[in-house]
Amino acid sequence: MNPTIIFINLFALGCLILAFTKDRAKTEQSVKVAVKSFFRILPPVLIIIIVIGLLLGFVPPSEISKVIGEQSGFDGVLFIALLGAILHMPAIISFPLAGSLLKSGASISAVAAFITTLTMVGTATLPLEVKELGKKIALLRNGISFVIAIVIALIMGVIL
Amino acid sequence: MIRDYILLGATLIVAATILLIFPDRVDIVTTTSWDYFLEMMVILPAVMVVMGLFTVWVSKETVVKYLGKTSGIKGIFLAILFGTLPTGPLYVAFPMASSLIKKGARISNIVIFLSAWACIKIPQELVELQFLGPKFMVSRLVLTIIFVAIMGVFIEWMIGLSDKKNSSKSTGGENGASI
């Protein structure tokens, strides 16, 4: 067992105990929501796990590294940032995918850019955002988010 | 939800077919997938519990109520905090942001709230911690908070600028008409 796993489970247990001492009924309801969410997120999680297996089994690290590794430079970061901006998937399943890419040749910057644009820039949800918040805010938010995602990614590449 | 399970079935069939064609890859693919499966299953229930607690304890009404009337540095911190706690996809946050605008909340707070909701939610960060490690997770988190705060203030400034231009244009027109 590594410390991360212990930390995450202790954190959840701590929250649960704290909640339970405050309000029993609310906590029971929370656990019900948790069980439901678990089974809702399970299929995408299993799908991404299969995809990761196939990806690492068939695509050699040298190929991944060529497209989004250190040698791909800024183009690689830009490419995967665009991919992240367009794709629409739950953030939770993007982390194991990002982790597997990092292990098999992708650069820190590329992985950081992918996660950041994936979560912050929503091409698929843009029409809804425009409708609720207006064109100006929605376009500025998504556009600037894309730029800062790349800046964050480049800084991460330097410091890590 | 049923559609997701059908999609999972289809993925399994496709994966099985590919592995039948390339039997030499069965070992590496199944070992890799199994490792990731274990890594996920030791944290997923905990992550879901945290998510469930936030969903029930932090209501949309509370968020809108507090965020609607706070500004300045305190507003920025509150916007980040409230963005990290509730759960659900980003499109759930849009109507909340929209009602915040109607309540007269600062644009900066709304933008920061939306961005925090999108990318620095606590259950999400737990999964990032597991798969990308503490160094990666913490540095991305800190950088994101800094840049998101700057972006919020910048967008508010831009919107203010264009509103001022519009209003000065219209008052100029009125003045001209009155003369």
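Residues numbered from 1 in each chain as written. Chains lettered and ligands numbered in written order. Predicted model: local features only at pLDDT ≥ 70, side-chain atom pairs only at ≥ 80, totals over all residues. Heavy atoms only, no water.

1. What about the overall build of chain A?
The secondary structure content of chain A amounts to eight helices and zero strands. Seen in sequence order, chain A has helices and strands lined up from the N terminus as α-α-α-α-α-α-α-α. Counting only C-alpha atoms, chain A reaches 55 × 45 × 30 Å along its principal axes. By residue count, 49% of the 160 residues in chain A fall in the buried class. Across chain A, the fraction of contacts at a sequence separation of at least 24, relative to all contacts at a separation of at least 6, is 73%. With an accessible surface of roughly 7,500 Å², chain A has 72% of that area assigned to carbon and sulfur atoms. Put simply, chain A has 12 plus and 7 minus side-chain charges, and the middle of one group is 10 Å from the middle of the other. (Helix = DSSP H or I, 4+ residues; strand = E, 2+ residues; numbered from the N terminus. Buried < 20%, exposed > 50% of the residue type's maximum accessible area, 1.4 Å probe, protein only. Contact = heavy atoms within 4.5 Å. Areas by Shrake-Rupley, 256 points an atom, 1.4 Å probe, with all protein chains shown as cover. Lys, Arg positive; Asp, Glu negative; His and termini not counted. Charge placed at Lys NZ, Arg CZ, Asp CG, Glu CD.)

2. Some remarks on the nonpolar core
In terms of nonpolar packing, the biggest core is built from 99 residues, with M48(B) and F113(B) touching the most fellow members. In this view, M48(B) contacts A34(A), S37(A), F38(A), I41(A) and I92(A); residues no more than four positions away in its chain are not counted. (Core = buried A, V, L, I, M, F, W, Y, C linked by side-chain atoms within 4.5 Å.)

3. Some thoughts on the domain arrangement of chain B
Once the domains are mapped, chain B shows domain 1 (1-42) and domain 2 (59-172). Measuring from the centre of the C-alpha atoms in domain 1 of chain B to the corresponding centre in domain 2 of chain B gives 38 Å. (Domains from an automatic or database assignment.)

4. What about the confidence of the model for chain B?
In the predicted model, chain B carries a mean pLDDT of 87, and the fraction of residues at 70 or more is 93%. Long-range and interchain partners of residues 172-179 of chain B, a stretch whose pLDDT sits below 50, account for zero contacts in this model, where long-range means more than four residues apart. (pLDDT = per-residue confidence, 0-100.)

5. Details of the interface of chain A and chain B
Accessible area lost upon the coming together of the parts serves often as the stated size of an interface. With 71 residues of chain A at the interface, the matching set in chain B holds 73 residues. Both faces combined, the contact of chain A with chain B buries some 6,600 Å², and carbon together with sulfur accounts for 83% of it. Linking chain A with chain B are one salt bridge, by the criterion used here. Where chain A meets chain B, there are ten residue pairs in polar contact (both at pLDDT 80 or more). The set of elements that each furnish at least two residues to the side of chain A that touches chain B consists of α1 (3-22), α2 (24-58), α5 (91-103), α6 (108-120), α7 (126-133) and α8 (135-159) of chain A. (Buried area = accessible area lost by both parts, 1.4 Å probe. Salt bridge = Lys/Arg side-chain N within 4 Å of Asp/Glu carboxyl O. Polar contact = N/O pair within 3.5 Å; in protein donor to acceptor, adjacent residues only side chain to side chain.)

6. A word on the domain arrangement of chain A
All names here are of chain A. Along its sequence, chain A is carved into domain 1 (1-58) and domain 2 (63-160). Measuring from the centre of the C-alpha atoms in domain 1 to the corresponding centre in domain 2 gives 24 Å. Listed per partner, the contact involves seven residues of domain 1 and eight residues of domain 2. Contact between domain 1 and domain 2 buries roughly 670 Å² in total, counting both sides, with carbon and sulfur atoms accounting for 93%. Summed over the shared surface of domain 1 and domain 2, the number is zero salt bridges.

7. Examining the environment of R106(B)
All names here are of chain B. The residue R106 is located in the loop between α6 (90-102) and α7 (107-119) in this model. Here R106 falls in the partly exposed class, since its relative accessible area comes to 38%. Expressed as a C-alpha distance, the spacing of R106 and M51, which sit 55 residues apart in the sequence, is 27 Å. Apart from residues no more than four positions distant in its own chain, R106 is found in contact with S71, G72 and E156.

8. Notes on the packing of aromatic side chains
Enumeration over the complete set of coordinates arrives at eight aromatic pairs over all chains. Taking the centre distance of 5.3 Å and the plane angle of 90 degrees together, the rings of F38(A) and F39(A) count as edge-to-face. For F38(A), a relative accessible area of 16% puts it in the buried group. Geometry around W57(B) places K26(A) over its ring, the cationic atom sitting 4.7 Å from the centre. (Phe/Tyr/Trp six-rings, centres within 6.5 Å; stacked < 30°, edge-to-face > 60°. Lys NZ or Arg CZ within 6 Å of the ring centre and 35° of its normal.)

9. A closer look at the packing of α2(A) against helix α1 (residues 2-21) of chain B
It is the contact of α2(A) with α1(B), at a shortest axis distance of 9 Å, that shows an interaxial angle of 20 degrees. On the basis of their axis angle, the class for α2(A) and α1(B) is roughly parallel. The two elements α2(A) and α1(B) meet at a crossing, and its hand is left-handed. Facing α2(A), whose interface residues are F39(A), R40(A), L42(A), P43(A), P44(A), L46(A), I47(A), I50(A), L54(A) and F58(A), α1(B) presents D4(B), Y5(B), L7(B), L8(B), T11(B), L12(B), A15(B), I18(B) and L19(B). Per-class residue counts for the contact of α2(A) with α1(B) are 16 nonpolar, one polar and two charged. (Axes fitted to C-alpha atoms, helices over the stretch in contact; angles between N-to-C directions. Parallel < 35°, antiparallel > 145°, perpendicular 65-115°, else oblique. Left-handed = near helix turned anticlockwise from the far one by under 90°. Nonpolar A, V, L, I, M, F, W, Y, C, P; charged D, E, K, R; others polar.)

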